[in-house]
There are 8 protein chains.
Amino acid sequence: MPKVRILMGSKSDAEIGKNAKALLDELGVDADMVVASAHRTPERVERLVKKSDADVFIAIAGLSAALPGVVASFTIKPVIGVPVSGKLGLDSILSVVQMPPGIPVAAVGLDRGENAALLAAEIIAIGDPSVAESLLAYRKNMAEKVIADSEELC
Amino acid sequence: MPKVRILMGSKSDAEIGKNAKALLDELGVDADMVVASAHRTPERVERLVKKSDADVFIAIAGLSAALPGVVASFTIKPVIGVPVSGKLGLDSILSVVQMPPGIPVAAVGLDRGENAALLAAEIIAIGDPSVAESLLAYRKNMAEKVIADSEELC
Amino acid sequence: MPKVRILMGSKSDAEIGKNAKALLDELGVDADMVVASAHRTPERVERLVKKSDADVFIAIAGLSAALPGVVASFTIKPVIGVPVSGKLGLDSILSVVQMPPGIPVAAVGLDRGENAALLAAEIIAIGDPSVAESLLAYRKNMAEKVIADSEELC
Amino acid sequence: MPKVRILMGSKSDAEIGKNAKALLDELGVDADMVVASAHRTPERVERLVKKSDADVFIAIAGLSAALPGVVASFTIKPVIGVPVSGKLGLDSILSVVQMPPGIPVAAVGLDRGENAALLAAEIIAIGDPSVAESLLAYRKNMAEKVIADSEELC
Amino acid sequence: MPKVRILMGSKSDAEIGKNAKALLDELGVDADMVVASAHRTPERVERLVKKSDADVFIAIAGLSAALPGVVASFTIKPVIGVPVSGKLGLDSILSVVQMPPGIPVAAVGLDRGENAALLAAEIIAIGDPSVAESLLAYRKNMAEKVIADSEELC
Amino acid sequence: MPKVRILMGSKSDAEIGKNAKALLDELGVDADMVVASAHRTPERVERLVKKSDADVFIAIAGLSAALPGVVASFTIKPVIGVPVSGKLGLDSILSVVQMPPGIPVAAVGLDRGENAALLAAEIIAIGDPSVAESLLAYRKNMAEKVIADSEELC
Amino acid sequence: MPKVRILMGSKSDAEIGKNAKALLDELGVDADMVVASAHRTPERVERLVKKSDADVFIAIAGLSAALPGVVASFTIKPVIGVPVSGKLGLDSILSVVQMPPGIPVAAVGLDRGENAALLAAEIIAIGDPSVAESLLAYRKNMAEKVIADSEELC
Amino acid sequence: MPKVRILMGSKSDAEIGKNAKALLDELGVDADMVVASAHRTPERVERLVKKSDADVFIAIAGLSAALPGVVASFTIKPVIGVPVSGKLGLDSILSVVQMPPGIPVAAVGLDRGENAALLAAEIIAIGDPSVAESLLAYRKNMAEKVIADSEELC
């Protein structure tokens, strides 16, 4: 039973979704992925949220990115929103971040599927020490890569 | 049976909604008004849209203003979206305007309840000559007021 | 007699205009298309609006996109404005959306010719059940495509 | 016969218009002032521009500030546009500045009626040495006021 | 032992912090609150994060709001960032949202302390059914309030 | 003796400057062109402005585009500012438009060298009927091109 | 002989300038203050910069804030620019920050006179250990105030 | 012992860092360069700042560019921040410029590594006449290049 469900608003968000899923796999967090549009398939979004036993949802969308908020309206599980870049950029960021009081969405940065995965893993890791260990290892690798980059470049 | 249904995302949008309704009344267009939040009461929004026989919907919301798009996802009737001003302004405008392909929303300007009413009346007027006459009279009055203002000020 | 008249502010808006017209054709809504600039040919715009019997106007323009508002100043028919992207993007969006009180324009998203066509068709469909059927079929296809995309990708 | 015609899009722009006129008076440039809305009274704008013998036009407007561009579409005289501040500010600035190729507008800053008057006077001064002298005196006074302010404050 | 630690970057963020804490109390989630500035007291932030056993951190800051990211750099627990409004608004939103890859922050909207509390509670509720019940009751109350508002206003 | 002096802040603005000069040539307005940077060569700018007998100055600059304002500080002749696009766009627009009270600059749109030339010609044409005729012919050609484009495309 | 010269573009910037001077006094750095406008008194700015023996300049200005860049064009001493808030805010920030290559300005935040003073003191402190001690004491006080605020509020 | 330490937040900032270092070399200012991320390697940043005897720090970062502020939190030496461009641009500019009161950062323009180097050299030059001479020569070359460009182009 997947712990994280990833919803993408459109086929064009596939790369961001796949990166998120791949990183969750690497961290030992089971996840599944679906395409479902808040505007084109509202009942499908409702069903895919309500019927899921996931502990965390990741919703990826561009433009007037309603998907994360709509997912959040159907669940009290944490919902992570990933704004997707387009001609403006500010539109999707503000649509995901500026949620009204009462229904929170956890916004990550523009196109930041990997940060959505890491945040989901951090949430799962509160109750799962093995994921916490994966996260610590991931951070250690990142830090070592910074040092290696420094030595290579400077 | 009201021709126009006005949905407000929150009690704080009441003034804009009431102005829109008052102008529709003045133009001879029957309208009703409800509070329904896309995020706090998603099923209520769905029910209030699907059960309505209105020809036009007006949806008023601020911040990450998902309401107009969510209303549009449940109907093929024209949906007019009114972004409401707050600390930023750009957030609600972009959330209402930047709809993805396939589900249109007709955005009017920030806090422009009266323009939403006029646009709704213009749509109704295509099939109702008496509303068209009201609109022509309204425009004539506006133009005369510009001339009166000019004489008073200049 | 065309039900929808599409005005493009410049030759460079042709692709967006043609997409809108093609979709209106597909939905069974008769439309014609003209190039007319609010700034370079103001009398032409006035004539093309006042002499038309169209029920809906679509006006497509970039930069300081005055065309939709100027079209709206000459008619009480609904006017749909399509802002066209350029170096900034925000300029055309705000020029189309932020109309003053009294003269409404129905703004759709940046470069969203197809949404302008769908919104025009929704307005026509109020009085024409065959267009309503086309719209319902169009939505059904879109929703099925989302499911097919989901199955292909996930 | 006034050399400068000031057009205000709405009564609410009166203070900016009056400041501009007062400064033109002070500089010895004859000016008149009218209210005329590009959207509410398009024919009036056309008539007030075409029938005028003014050498320079000043057009003052907020929101989707089409007035300066519309005035410019009816004349080859220089047109100065004054964007008026509102809830956003960027909307009127971009609407006035971002004119398409072929029809120029000379934009001054947000609410800068006095700079519109000075620019108009600079244009008139090319052919009128007495206005040039007024402008030089005005600049001298400004510079002296900077020094006086410096002495008072520092 | 508090489950949530709230860090405020400055005394001026106190109201947002207190609202967040009050809501966590109401939802049955134990929380504590400290003032600690990423820029003025960097070691204090590090110590207050590393020495805490909290499951979730909430970091509240304005301007170049580095606090949430700095907190996140010291822990693999989920960090919720609350941008605080000031003269611009966009500065704190973008500083909180646009985190680089590898170190996620969960951004909520401008001044949205209550949504930070709700998101923290949603995370705690994954492992604590009594908090989940509190959240469901909170949502039910909100939805009922929408209906009551609708009846009162419409 | 050239009537218009074009100043470019940097070599990279050459294309915009050359377009402006070519259009002035075509309209029968004598112009010269120089590179002079407000920041790198302040005395050169001062000298090139004060020693010139031009009736109109055009100043072209990007980023923090101080050149138009600095030119204006040395003359009471009309100064037209052309903001040049770069990574942001808004920076040069706002730097050119938002002049303080007392020293006007006539801003045209981003990269709009041709509009700067037309505005300069409009100013010259007040006292030179042959330039006025060139401008009328230019406008007529533009309008005819719109009609030709319409016939070709529609 | 003052080590720091503070230039304010206008009388309305006086409060920010006085705060900067008061803090420099407190830190033991000798400073003087003048009003001088890049646009209204260009020669005065040039003279006040070239004749000064200050080691650091602070330039405070709003709108199209050319003053810091103009000061920098006349000296190879470090120039600190303080953008002043107005109707937009972004205008002065971008005018101060986005300097072209070759002439640097050190921008601090909107209305941040105290940070300009601290930065100037940091520069002076490189060669003056007593100023360095003042800065260390200032930082210590700030940090202690954060702790005191925390104890008072939490 | 290097006078300037350049910190880059990520490998992708290498080109900007190398340009800054090359220009410092050319100006006769000794500098070293390291990669260190405020978010991925916070302790490394702290150590690299506290252990350095540099007189000036340059910190280069994109997105939510916390690095300059974090460096500044650990030192009373002047810190120059270089915002790096990405999908938005405004995010890194505002994160670097909008520092809270008490901890200054000297922001230069987007991707302006060379201006960071020049500003650092200006600071060093206060106490080192040979660097001052290099800077004067650099400015002279720039000014001559403007004149050469003018002769070539005009």
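Residues numbered from 1 in each chain as written. Chains lettered and ligands numbered in written order. Predicted model: local features only at pLDDT ≥ 70, side-chain atom pairs only at ≥ 80, totals over all residues. Heavy atoms only, no water.

A. Inspection of the overall build of chain A at higher detail. Counting its regular elements, chain A contains six helices and five strands. Going from the N terminus to the C terminus, chain A shows its helices and strands as β-α-β-α-β-α-β-α-β-α-α. For 154 residues, the compact-globule estimate of 2.2 N^0.38 gives 15 Å, and chain A sits close to it at 16 Å. The buried share of chain A, reckoned over its 154 residues, is 70%. Within chain A, residue pairs in contact and separated by at least 24 positions form 66% of the contacts whose partners lie at least 6 positions apart. For chain A, the computed accessible surface area is about 5000 Å², with 51% contributed by carbon and sulfur atoms. (Helix = DSSP H or I, 4+ residues; strand = E, 2+ residues; numbered from the N terminus. Rg over C-alpha atoms; globule rule 2.2 N^0.38 Å. Buried < 20%, exposed > 50% of the residue type's maximum accessible area, 1.4 Å probe, protein only. Contact = heavy atoms within 4.5 Å. Areas by Shrake-Rupley, 256 points an atom, 1.4 Å probe, with all protein chains shown as cover.)

B. Molecular detail of the interface of chain D and chain F. Listed by partner, the interface residues are 41 residues for chain D and 41 residues for chain F. When chain D packs against chain F, the two sides together hide about 3200 Å² of surface, and 66% of this comes from carbon and sulfur. For the chain D face of the interface with chain F, the top three residues by lost area are Ile76, Pro104 and Arg139 of chain D, together amounting to 22%. Along the contact surface separating chain D from chain F lie zero salt bridges. When residues of the side of chain D that touches chain F are traced back to their parent elements, those giving at least two are α3 (67–73), α4 (90–97), β5 (106–107), α5 (113–125) and α6 (129–153) of chain D. Here the side of chain D that touches chain F is composed, by residue class, of 29 nonpolar, six polar and six charged. (Buried area = accessible area lost by both parts, 1.4 Å probe. Salt bridge = Lys/Arg side-chain N within 4 Å of Asp/Glu carboxyl O. Nonpolar A, V, L, I, M, F, W, Y, C, P; charged D, E, K, R; others polar.)

C. Quick look at the side chain of Arg112 of chain A. With respect to the helices and strands, Arg112 of chain A occurs in the loop between β5 (106–107) and α5 (113–125). Under the relative-accessibility criterion, Arg112 of chain A is labelled buried at 14%. Filtering out sequence-adjacent residues up to four positions away, Arg112 of chain A remains in contact with Val82 of chain A, Met99, Pro100 and Pro101 of chain E together with Leu63 of chain H.

D. Representation of the relation of the copies chain D and chain F within the structure. When chain D is brought onto chain F, the operation consists of a screw motion whose angular component is 180° and whose axial shift is 0.0 Å, with 0.0 Å RMSD remaining. Interpreted geometrically, this transformation is the action of a two-fold axis. Of the interface residues in chain D, 100% have counterparts in chain F that sit at the interface too, so the contact is made through matching surfaces. (Least-squares fit on C-alpha atoms with pLDDT ≥ 70 in both.)

E. Quick peek at helix α4 (residues 90–97) of chain E. Counting buried positions over the eight residues of α4 of chain E gives eight, a clear majority of the element. As for α4 of chain E, its buried residues are in contact with α4 (90–97) of chain A, β3 (56–62), α3 (67–73), β4 (79–84) and β5 (106–107) of chain E together with α4 (90–97) of chain H.

F. Structural context of the confidence of the model for chain A. Taken as a whole, chain A shows an average pLDDT of 97; of its residues, 100% reach a score of 70 or greater. Scoring the predicted complex yields pTM 0.98 and, for the interface, ipTM 0.98. (pLDDT = per-residue confidence, 0-100.)

G. Broad picture of the side chain of Glu114 of chain H. If you trace the backbone, Glu114 of chain H turns up in helix α5 (residues 113–125). For Glu114 of chain H, the side chain forms a polar contact with the side chain of Arg112 of chain H, separated by 3.2 Å. Among all residues touching Glu114 of chain H, those that are not within four sequence positions of it are Pro101 of chain G together with Leu23 of chain H. (Polar contact = N/O pair within 3.5 Å; in protein donor to acceptor, adjacent residues only side chain to side chain.)

H. Just the interface of chain A and chain E, in detail. Counting from both sides, the interface comprises 41 residues of chain A and, opposite them, 41 residues of chain E. Summing both sides of the interface, chain A and chain E together bury roughly 3200 Å²; the carbon and sulfur share of this comes to 66%. Summed over the three residues of chain A that lose the most area to chain E, namely Ile76, Pro104 and Arg139 of chain A, the buried surface amounts to 22% of that side. Counting across the interface, chain A meets chain E through zero salt bridges. When contributions to the side of chain A that touches chain E are tallied by element, the ones reaching two or more residues are α3 (67–73), α4, β5, α5 and α6 (129–153) of chain A.

I. Structural detail: the arrangement of the chains. Spatially, chain C is disjoint from chain G: no contact exists, and the shortest C-alpha separation is 15 Å. Separated in space, chain B and chain H share no contact, their closest pair of C-alpha atoms being 15 Å apart.

J. Spotlight on the pattern of salt bridges. Residues and elements named next belong to chain E. Throughout the structure, instances matching the rule amount to 104 salt bridges over all chains. Lys145 is paired through a salt bridge with Asp149; the nearest N and O atoms lie 3.1 Å apart. Pair noted here: Lys145 and Asp149 are both in helix α6 (residues 129–153), with a separation of four residues, about one helical turn. Residue class for Lys145 comes out partly exposed when judged on its relative accessible area of 46%.

K. Representation of the environment of Ala66 of chain H within the structure. Residue placement: Ala66 of chain H occurs in the loop between β3 (56–62) and α3 (67–73). When the C-alpha atoms of Ala66 of chain H and Ser37 of chain H are compared, they prove to be 8.9 Å apart, with 29 residues separating the residues in sequence. Ala66 of chain H has contacts with Ala66 of chain E together with Ala38 and His39 of chain H, leaving out every residue within four places of it along the chain.

L. Main features of the packing of helix α2 (residues 42–50) of chain E against helix α2 (residues 42–50) of chain H. Following both chains from N to C, one finds α2 of chain E and α2 of chain H inclined at 150°, their axes separated by 12 Å at the closest point. Considering the angle they form, α2 of chain E stands roughly antiparallel to α2 of chain H. Seen from above, α2 of chain E lies across α2 of chain H with left-handed handedness. Mapping the contact onto sequence places Glu43, Glu46 and Lys50 of chain E in α2 of chain E and Glu43, Glu46 and Lys50 of chain H in α2 of chain H. Classifying every residue of the contact of α2 of chain E with α2 of chain H by side-chain character gives no nonpolar, no polar and six charged. (Axes fitted to C-alpha atoms, helices over the stretch in contact; angles between N-to-C directions. Parallel < 35°, antiparallel > 145°, perpendicular 65-115°, else oblique. Left-handed = near helix turned anticlockwise from the far one by under 90°.)

M. Here's a closer look at the packing of helix α1 (residues 14–26) of chain E against helix α5 (residues 113–125) of chain E. Residue and element names in this part refer to chain E. Two elements in contact, α1 and α5, have axes separated by 8 Å at closest approach and are oriented at 35°. When you trace α1 past α5, the crossing you get is right-handed. Between α1 and α5, the contacting residues are Ile16, Ala20, Leu23 and Leu24 on the first element and Gly113, Glu114, Ala117, Leu118, Ala120 and Ala121 on the second. Here the contact of α1 with α5 is built from residues that sort into eight nonpolar, one polar and one charged.

N. View of helix α1 (residues 14–26) of chain F. Residues and elements named next belong to chain F. Along its 13 residues, α1 runs 18 Å from first to last C-alpha, staying within 8% of the 18 Å computed at 1.5 Å per residue. For α1, the full list of buried residues reads Ala14, Ile16, Gly17, Ala20, Leu23 and Leu24. Count one or two residues on from α1 and you reach Gly28, which has phi positive near 80°. (Expected span 1.5 Å × (residues − 1).)

O. Summary view of the pairing of strand β2 (residues 31–35) of chain E. Counting buried residues in β2 of chain E gives four out of five residues, a clear majority hidden from the surface. Assessed by its sense of winding, the connection that carries the chain from strand β1 (residues 4–8) of chain E through α1 of chain E to β2 of chain E is right-handed. (Right-handed = clockwise from strand over helix to strand, strands pointing away.)

P. Seen up close, the environment of Tyr138 of chain B. With respect to the helices and strands, Tyr138 of chain B occurs in helix α6 (residues 129–153). We classify Tyr138 of chain B as buried; its relative accessible area is 19%. Ignoring any residue separated from it by four or fewer positions in sequence, one finds Tyr138 of chain B in contact with Leu23, Glu26, Leu27 and Leu118 of chain B together with Gly102 of chain C.

Q. Spatial organisation of unusual backbone geometry. All names here are of chain F. Positive phi is not limited to glycine here, since Leu63 has a value of about 50°. For Leu63, the location among the structural elements is in the loop between β3 (56–62) and α3 (67–73). Judged by its relative accessible area of 25%, Leu63 is partly exposed.

R. Up close: the pairing of strand β4 (residues 79–84) of chain H. Residues and elements named next belong to chain H. Counted residue by residue, β4 has six buried out of six residues, so it is predominantly covered. Both faces of β4 are covered, namely the face carrying Val79, Gly81 and Pro83 and the face carrying Ile80, Val82 and Val84. Direction of pairing for β3 relative to β4: parallel, over a ladder of six bridges. Residue pairing across strands places Ile60 opposite Val82, the latter belonging to β4. Following the chain from β3 across α3 to the adjacent parallel β4, one finds a crossover that is right-handed. Judged from the two bridges that link them, β4 and strand β5 (residues 106–107) form a sheet pairing that is parallel. Considered in β5, the bridge of Gly81 is made with Ala107. Note that the unit made of β4, α4 and β5 has a crossover that is right-handed. (Pairing = 2+ DSSP bridges.)

S. View of the environment of Phe57 of chain A. All names here are of chain A. With respect to the helices and strands, Phe57 occurs in strand β3 (residues 56–62). On the basis of relative accessibility, which here comes to 1%, the residue Phe57 falls in the buried class. For the pair formed by Phe57 and Ala117, sequence separation is 60 residues and the distance between their alpha carbons is 10.0 Å. With residues near it in sequence (within four places) discarded, Phe57 still touches Arg5, Leu7, Leu48, Val49, Ser52, Val71, Thr75, Lys77, Pro78, Val79 and Ile80.

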